Amino acid sequence: MTSFIVIGGGIAGVSAAARLSEHAQVVVLEQEDALAYHASGRSAAMFEENYGAPSTLALNRASAEYHHTNNGGYLTPRGLMLIAGEQDLAQFNADIDTLHLARISIDEARDMVPILNPKTVTLAARHDAALDLDTDRMVQDFARVVRANGGQILTRKPVSAIQRTDTGWRVDASGDVFEADMLINAAGPWADVVADLAGIRPIGITPLRRSMARLPAPGGHDLRHWPMLMGVGETWYAKPDAGKLLVSPAEEDLVPPHDAYADDMVLAEGLARYEQMVTEPVTRVETNWAGLRSFAPDRALVLGPDPDNSGFVWCAGQGGYGFQTAPAGSQLVADLALGRPTSLPADVISMLSPRRFR
């Protein structure tokens, strides 16, 4: 039976491990104390089928049924509302086309979100197909599959060395040595670091910081039925979450791979952009954090065997699309690693393949 070491315990690594565990021996190595600690644990937790590059959209569509039906489904209604002023009409129209939104009146928008400022918000559009995604349950369900199939998930196992062997790979992690036929690189912001350790040419995975603030419910409103709000050009967004409001400046600041934290000035600027569009000022930030969204140079996911060594398989570059693409992306990685047929079109596979960077 083929054996795999999966480096990374975020949604990318755990979902790929679950798919592989049905046909192979699998061990997952995660450097932190728990799964989904970094980017996966700091996700906006949305499924938006129209969000991403063309290959991402294909993965979204291929993942939709899983999100809706597996294990009782992971989705609940939320909706997305785009708001703007007249000065941003061109970008507003471009965003409507990209996200397939329907324009609505300001009165309709304020009926749904009563704190919208009629002096600054003169344009609005929305659709109902943006859905909340239960990210924690998805991670745990994939992890349960790994364990049920005899796989191992080990935390506190930072990888310090990787060597090629005559039969595959040897990985040193926190004083322990692991050997397997194949290696899955699902290390998120550290994906190029892992490649370098393995003697594989890095792709150019770029970690970009995105910050988030948790605010009390504005004006004491009940937020349960509010949609996610987005500024034009994705210059900020706000999402109801457990009776609070999450607000992000939606920044993409280049940083080295690390345990990210919010930049106070960037966060303040994002909150100011949000405040311009609402009638309730920000009086208190309950907590804040940041995550790293990791992109390949063309901002498409990188899924499949490395062209220089087919035993080294990339599962990286998820950007902000890791959860919504995980069902189809993990299946593709497993199929390609095991040499099995895949249901995705050949052109999509080509757009995702690491071969495009060689």
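A few points on the structure. Please read all numbers here as calculations on a predicted model, not as lab measurements.

1. Details of the sheet that holds strand E13 (residues 182–185)
Whether parallel or antiparallel, the strands of a sheet pair through hydrogen bonds between backbone atoms. What the six strands build is an open sheet, ordered E9-E2-E1-E13-E21-E20; its pairing is mixed. The open sheet has two free edges, formed respectively by strand E9 (152–154) and strand E20 (302–306), since each of these has just one partner strand. The average angle at which neighbouring strand axes cross in this sheet is 15°, direction not considered.

2. Structural notes on the sheet that holds strand E12 (residues 176–180)
Spatial strand order, E10-E11-E12: three strands in an open sheet with antiparallel pairing. Of all strands in the sheet, those with a lone pairing partner are strand E10 (159–164) and E12, marking the two edges. Strand-to-strand, the axes of this sheet are offset by a mean angle of 20°, without reference to chain direction. When E10 meets strand E11 (residues 169–173), the two strands line up antiparallel, connected through five bridges. Following the sheet pairing, Gln 163 is matched in E11 by Arg 170.

3. Focus on empty space enclosed by the protein
Summed over all chains, the structure comprises one cavity of 30 Å³ or more. In this model, the largest cavity occupies a volume close to 50 Å³. Among the elements of the structure, helix H1 (11–21) and helix H8 (322–338) are those that each provide at least two residues to the lining of the largest cavity. Residues that form the lining of the largest cavity fall into these classes: five nonpolar, six polar and no charged.

4. Details of the packing of H1 against H8
The geometry of a pair of packed helices is captured by two quantities: the angle between their axes and the separation between those axes. Between H1 and H8, whose axes approach to 8 Å, the crossing angle comes to 45°. Regarding the angle of H1 to H8, the classification is oblique. As H1 packs across H8, the resulting crossing turns out to be right-handed. Residues Ile 11, Ser 15, Ala 16, Arg 19 and Leu 20 of H1 form the contact with H8, whose participating residues are Gly 322, Phe 323, Ala 326, Pro 327, Ser 330, Gln 331, Val 333, Ala 334, Ala 337 and Leu 338. Taken together, the residues of the contact of H1 with H8 break down into 10 nonpolar, four polar and one charged.

5. Things to note about the pattern of salt bridges
Throughout the structure, instances matching the rule amount to 24 salt bridges. Note that Arg 209 and Asp 253 form a salt bridge whose closest N and O atoms lie 2.5 Å from each other. Remark: Asp 253 occurs in strand E18 (residues 253–254) and Arg 209 occurs in strand E14 (residues 206–215); sequence separation between them is 44 residues. By relative accessible area, Arg 209 is classed as buried at 10%. Residue class for Asp 253 comes out partly exposed when judged on its relative accessible area of 27%. The salt bridge involving Glu 234 is made with Arg 210; its shortest N-O contact spans 3.0 Å. With a gap of 24 residues between them, Glu 234 in the loop between strand E15 (228–231) and strand E16 (237–241) and Arg 210 in strand E14 connect regions that are remote in the sequence. One network of salt bridges, with partners in common, ties together Arg 210, Glu 234, Glu 252, Arg 293 and Arg 299.

6. Structural notes on unusual backbone geometry
Phi at Ala 242 takes a positive value of approximately 50°, unusual for a residue other than glycine. Tracing the sequence through the fold places Ala 242 in the loop between E16 and strand E17 (244–248). On the basis of relative accessibility, which here comes to 73%, the residue Ala 242 falls in the exposed class. The backbone of Ala 250 shows a phi angle near 55°, a positive value even though the residue is not glycine. For Ala 250, the location among the structural elements is in the loop between E17 and E18. Residue classification places Ala 250 among the buried residues on the basis of a relative accessible area of 9%.

7. Things to note about the packing of aromatic side chains
In the structure shown here, the tally under the stated rule is seven aromatic pairs. Each ring, one from Tyr 51 and one from Tyr 321, has its centre 5.1 Å from the other, and the planes form 65°; the classification is edge-to-face. Separated by 270 residues along the polypeptide, Tyr 51 in the loop between strand E3 (46–47) and helix H2 (54–69) and Tyr 321 in the loop between strand E21 (309–316) and H8 bring together distant segments of the chain. Taken together through their ring pairs, the aromatic side chains of Tyr 51, Phe 295 and Tyr 321 make up a single cluster. When the ring centre of Phe 295 is taken as reference, the NZ or CZ atom of Arg 299 above it lies at 3.9 Å.

8. So, the layout of surface pockets
Of the voids in this model, the second largest pocket is the one considered here, and its volume is about 450 Å³. Lining the second largest pocket are 30 residues, with Ala 45, Leu 133, Thr 135, Lys 239 and Asp 241 positioned closest to its centre. The element contributing the most residues to the lining of the second largest pocket is helix H5 (residues 135–148), with four residues.

What counts as what
Residues numbered from 1 in each chain as written. Predicted model: local features only at pLDDT ≥ 70, side-chain atom pairs only at ≥ 80, totals over all residues. Heavy atoms only, no water. Pairing = 2+ DSSP bridges. Helix = DSSP H or I, 4+ residues; strand = E, 2+ residues; numbered from the N terminus. Axes fitted to C-alpha atoms, helices over the stretch in contact; angles between N-to-C directions. 1 Å grid on protein atoms, 1.4 Å probe; cavity = no way out; pocket = protein on both sides within 12 Å on 5 of 7 lines; lining within 4 Å. Points joined across faces, edges and corners; volume = space filled by probe spheres on them. Nonpolar A, V, L, I, M, F, W, Y, C, P; charged D, E, K, R; others polar. Parallel < 35°, antiparallel > 145°, perpendicular 65-115°, else oblique. Left-handed = near helix turned anticlockwise from the far one by under 90°. Contact = heavy atoms within 4.5 Å. Salt bridge = Lys/Arg side-chain N within 4 Å of Asp/Glu carboxyl O. Buried < 20%, exposed > 50% of the residue type's maximum accessible area, 1.4 Å probe, protein only. Phe/Tyr/Trp six-rings, centres within 6.5 Å; stacked < 30°, edge-to-face > 60°. Lys NZ or Arg CZ within 6 Å of the ring centre and 35° of its normal.

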